[in-house]
Amino acid sequence: MNTLQQTFQVPYTYSIFFTKRLFDPANATLRSFFESFGQAGFQRKVLLAIDGGFLAHHPTLQNEMVAYFAALEPLVKLVPQLLVLPGGEAAKNDTTLFDDIVEAIDNYGIDRHSFVIGIGGGAILDLVGYAAAVSHRGVKHIRIPTTVLSQNDSGVGVKNGINYRGKKNFLGTFAPPVAVFNDLTFLQTLDDRDWRGGIAEAIKVALIKDQAFFEWIEANAEALAQRNEEVMAYLIHRCAEMHVEHIRSGDPFEFGSSRPLDFGHWAAHKLEYLTDFQVRHGEAVAIGIALDCVYSTKVGKLSDAELQRILTVIQKLGFELYHPKLAENDKINLRNGLQEFREHLGGRLTIMLLDRIGKGVEVHEMDADLIAESVDYLEGNYANLEVG
């Protein structure tokens, strides 16, 4: 019998809006987005799922959102329940929260022509996006990131998921949002840890792709550490721009074995688990970057002078560069993270290292002894900066 060959492409477009005071009645950004869908002849609905920790810092926001959406009828109708979820990585570890979102989607008749809006940090956006993506085989979801890390990195991409069986993002989908709305004013209530956390992702993408951007971060490290909002706005925009450029030109659904944007992440993911998420994602990424930069120097790629520049910038921004969990159990726990990283994507192990600042290079093996030496280097030079 003849073989049938099937080939098709599905173009996908979504916008990342940068704004302030998104739910101010005078701000038409969200209204214009919904107007772009036009009158459909049926009722589109909106379900809001919001990070409770974020909401606690914005006590008037719930009423502002309700009033804003009331003015949008009949374009869209806000369902009566506001889902308030605990934020942080714990949200991705609790499958009952996933069930709660799916139950609300079912109870309020949120179909493929309606919207689920996630408001919060990266963990909440991952959880809400996953629930939306698997309900009815895909409900439209909108992201409103409220942390630096989610505005410049995780919130602008195409991935979502939850942690399962003790592994980060073991369950998940590639399901792009229909829109992302970055509100700079939401960052004003972040604590210092979450303010700096997202900067680690900017360092990451600058180191592997753009020397000039790294040098800008280097020059503005003090202003970033001092919470200069204008400087942070540029960092978020440039970092988000580089992430979407990579997704557009690379392998958005990760069919291959390469994940350049996960530079520094193999150790970071394991460190998060080893510390029971007491070390937050951005903090773990900073340590993971430091570890891989030291390793890059030890294998003769990155120069020692560039290594010192990188570590100095990370330190100046307020990050700690070592955690004792890296060395625990004779570093076996950490090395297990390398295998878990490979298993998550499958295929051949592919790790991004640095040839120089602004130029990443992929390798397919890591020397266990040199990993151990890299940990020892960080311990010997930065152990006095241990995380809590």
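Look up: the structure comes first, before these words.
Each chain carries its own residue numbering, running from 1 in the written order of its sequence. Confidence filtering applies because this is a predicted model: local features only for residues at pLDDT of at least 70, side-chain atom pairs given and counted only at 80 or more, and all residues used for totals across whole chains, interfaces and linings. Only hydrogens and water are set aside when side-chain values are computed; all heavy atoms of the structure are taken into account.

**Student:** I would appreciate a short explanation of the overall build of the protein chain in the present structure.
**Tutor:** What counts as a helix is a DSSP run of H or I of at least four residues, what counts as a strand is a run of E of at least two, and both are numbered from the N terminus. Secondary structure assignment for the protein chain yields 17 helices and 10 strands. Taking the principal axes of its C-alpha atoms as reference, the protein chain extends roughly 65 × 65 × 35 Å. Using a 1.4 Å probe on the protein chains alone, a residue whose accessible area is under 20% of its type maximum counts as buried, one over 50% counts as exposed, and one in between counts as partly exposed. Within the protein chain, the proportion of its 388 residues that are buried is 53%. When contacts within the protein chain are restricted to residue pairs at least 6 apart in sequence, those whose partners lie at least 24 apart make up 78%. To be clear on the numbers: accessible area is Shrake-Rupley with a 1.4 Å probe, and residue cover counts the displayed protein chains and nothing else. As displayed, the protein chain has an accessible area near 17,300 Å², and 48% of this comes from carbon and sulfur atoms. Note that His is not counted, nor are the chain ends; the positive residues are Lys and Arg, and the negative ones are Asp and Glu. For charged residues, the charge sits on one atom: NZ in Lys, CZ in Arg, CG in Asp, CD in Glu. Put simply, the protein chain has 36 plus and 50 minus side-chain charges, and the middle of one group is 5 Å from the middle of the other. Pairs of residues are marked as contacts when any of their non-hydrogen atoms sit within 4.5 Å.

**Student:** Would you explain helix α17 (residues 368-382) in this entry?
**Tutor:** An α-helix turns once per 3.6 residues; consequently, residues spaced three or four apart project the same way. Helix span is expected to be 1.5 Å times the residue number reduced by one. For α17, with 15 residues, the first-to-last C-alpha span of 21 Å sits near the 21 Å given by 1.5 Å per residue. Definition of a polar contact: a pair of N or O atoms within 3.5 Å, with one able to donate and the other able to accept a hydrogen when the atoms are protein atoms, and with sequence-neighbouring residues admitted only if both atoms are side-chain atoms. By the N-cap criterion, in which a side-chain oxygen at the helix start approaches the backbone nitrogen of a residue two or three places on, α17 is capped by Asp 367, the distance to Asp 369 being 2.8 Å.

**Student:** I keep staring at a negative patch on the surface and nothing clicks. Help me out?
**Tutor:** Note that patches include only residues with greater than 30% relative accessible area and no salt bridge, and the join distances are 9 Å for like charges and 5 Å for nonpolar side chains (Val, Leu, Ile, Met, Phe, Trp, Tyr). A carboxyl oxygen of Asp or Glu within 4 Å of a side-chain nitrogen of Lys or Arg is what we treat as a salt bridge. Taken together, the side chains of Asp 94, Asp 99, Asp 100, Glu 103 and Asp 106 make up a negatively charged region of the molecular surface. Within the secondary structure, Asp 100 sits in helix α5 (residues 95-107).

**Student:** Would you take a moment to explain the pattern of salt bridges for this structure?
**Tutor:** Where charged atoms from two side chains of opposite charge approach closely, those side chains can pair. Applying the stated criterion across every chain yields a total of 20 salt bridges. Salt-bridge contacts for Asp 210 lead to Arg 238; the nearest nitrogen and oxygen are separated by 2.7 Å. Highlighted residues: Asp 210 in the loop between α9 (199-209) and α10 (211-219) and Arg 238 in helix α12 (residues 229-249), separated in sequence by 28 residues. Since its relative accessible area comes to 15%, Asp 210 is described here as buried. For Lys 331, the salt bridge goes to Asp 376, with nearest N and O atoms at 3.2 Å. Of the two residues, Lys 331 is situated in the loop between α15 (304-316) and α16 (332-345) and Asp 376 in helix α17; the sequence distance between them amounts to 45 residues. We classify Lys 331 as buried; its relative accessible area is 10%.

**Student:** Which parts of the structure should I look at to understand the layout of surface pockets?
**Tutor:** Over the atoms, a rolled probe matching the size of one water molecule traces out where space is still vacant. Cavities and pockets were defined on a 1 Å grid built over protein atoms only: a cavity is a set of grid points that admits a 1.4 Å probe from which the probe cannot escape, a pocket is an open set flanked by protein on both sides within 12 Å along at least five of seven lines, and lining residues are those with an atom within 4 Å of any such point. Grid points are joined across faces, edges and corners, and a volume is the space filled by probe spheres set on the points. For the second largest pocket, the calculated volume is near 810 Å³. Together, 25 residues line the second largest pocket, and Tyr 12, Tyr 14, Val 158, Pro 176 and Phe 253 are the ones closest to its centre. Of all the secondary-structure elements, those providing two or more residues to the lining of the second largest pocket are α6 (122-134), β5 (140-145), β7 (167-174) and α12. Under the scheme applied here, ten amino acids are nonpolar (Ala, Val, Leu, Ile, Met, Phe, Trp, Tyr, Cys and Pro), four are charged (Asp, Glu, Lys and Arg), and all others, including Gly, are polar. A class-by-class count of the residues in the lining of the second largest pocket yields 17 nonpolar, four polar and four charged.

**Student:** Is there a simple way to think about unusual backbone geometry in this case?
**Tutor:** A negative phi angle characterises most non-glycine residues, just as the trans form characterises most peptide bonds. Omega for the peptide link from Glu 73 to Pro 74 comes to 5°, which places this bond in the cis form. Phi at His 136 is positive, roughly 55°, even though this residue is not glycine. Among the structural elements, His 136 can be located in the loop between α6 and β5. With a relative accessible area of 45%, His 136 lands in the partly exposed category.

**Student:** Explain the packing of aromatic side chains here, please?
**Tutor:** Geometrically, a pair of aromatic rings is defined through the distance of the ring centres and the angle of the planes. Working definition: a ring pair exists when centres of Phe, Tyr or Trp rings (six-membered ring for Trp) sit within 6.5 Å. Plane angles under 30 degrees give stacked, over 60 give edge-to-face, the rest tilted. Summed over the entire model, instances satisfying the criterion amount to 18 aromatic pairs. Centre to centre, the rings of Phe 34 and Phe 69 are 6.1 Å apart; their planes meet at 65°, and the pair counts as edge-to-face. With Phe 34 in helix α1 (residues 29-35) and Phe 69 in helix α3 (residues 61-70), this residue pair connects regions lying 35 residues apart in the sequence. The class for Phe 69 is buried, based on a relative accessible area of 1%. These aromatic residues form a ring-pair network of at least three members: Phe 17, Phe 23, Phe 33, Phe 34, Phe 37, Tyr 68, Phe 69, Phe 115 and Phe 181.

**Student:** How should the state of the cysteines be read in this particular structure?
**Tutor:** In a disulfide, the sulfur atoms of two cysteines are held together by a covalent bond. The disulfide criterion used throughout: a pair of cysteine sulfur atoms within 2.5 Å. As enumerated under the stated definition, the model contains zero disulfides in all. Here Cys 239 stays free of any disulfide, with the sulfur of Cys 293 as its closest cysteine sulfur at 16 Å. On the accessibility criterion, Cys 239 (0% relative accessible area) is buried. Overall, the relative accessible area of 0% leaves Cys 293 in the buried class.

**Student:** Where do I start with α15 in this structure?
**Tutor:** Taking 1.5 Å per residue as the helical rise, α15 with its 13 residues ought to reach 18 Å, and the 18 Å between its terminal C-alpha atoms agrees with that figure. Its buried side turned inward, α15 meets α9, α10, α14 (281-298), β9 (351-356) and α17.

**Student:** Can you walk me through the packing of α9 against α14 in this structure?
**Tutor:** When two helices pack together, their arrangement is captured by the angle between the axes and the distance separating the axes. Taken N-terminus to C-terminus, the directions of α9 and α14 make an angle of 30°; their axes are 8 Å apart at the nearest point. With respect to their mutual orientation, α9 and α14 come out roughly parallel. Residue-level contacts link Ala 200, Glu 201, Ile 203, Lys 204 and Leu 207 of α9 to His 281, Gly 282, Val 285, Ala 286, Ile 289 and Cys 293 of α14. Taken together, the residues that form the contact of α9 with α14 break down as seven nonpolar, two polar and two charged. Each axis is a line fitted through C-alpha atoms, taken for helices only over the stretch in contact, and angles between the N-to-C directions span 0 to 180 degrees. Here roughly perpendicular refers to angles of 65 to 115 degrees, roughly parallel to angles under 35, roughly antiparallel to angles over 145, and oblique to all remaining angles.

**Student:** Mind showing me how you'd approach a nonpolar patch on the surface here?
**Tutor:** Taken together, Phe 174, Phe 253 and Phe 255 make up a surface patch of nonpolar side chains, about 340 Å² in accessible area. Secondary-structure assignment places Phe 255 in the loop between α12 and α13 (265-274). Under the relative-accessibility criterion, Phe 255 is labelled exposed at 74%.

**Student:** Is there a simple way to think about the environment of Ala 372 in this case?
**Tutor:** Along the chain, Ala 372 falls in helix α17. On the basis of relative accessibility, which here comes to 15%, the residue Ala 372 falls in the buried class. When the C-alpha atoms of Ala 372 and Tyr 295 are compared, they prove to be 9.3 Å apart, with 77 residues separating the residues in sequence.

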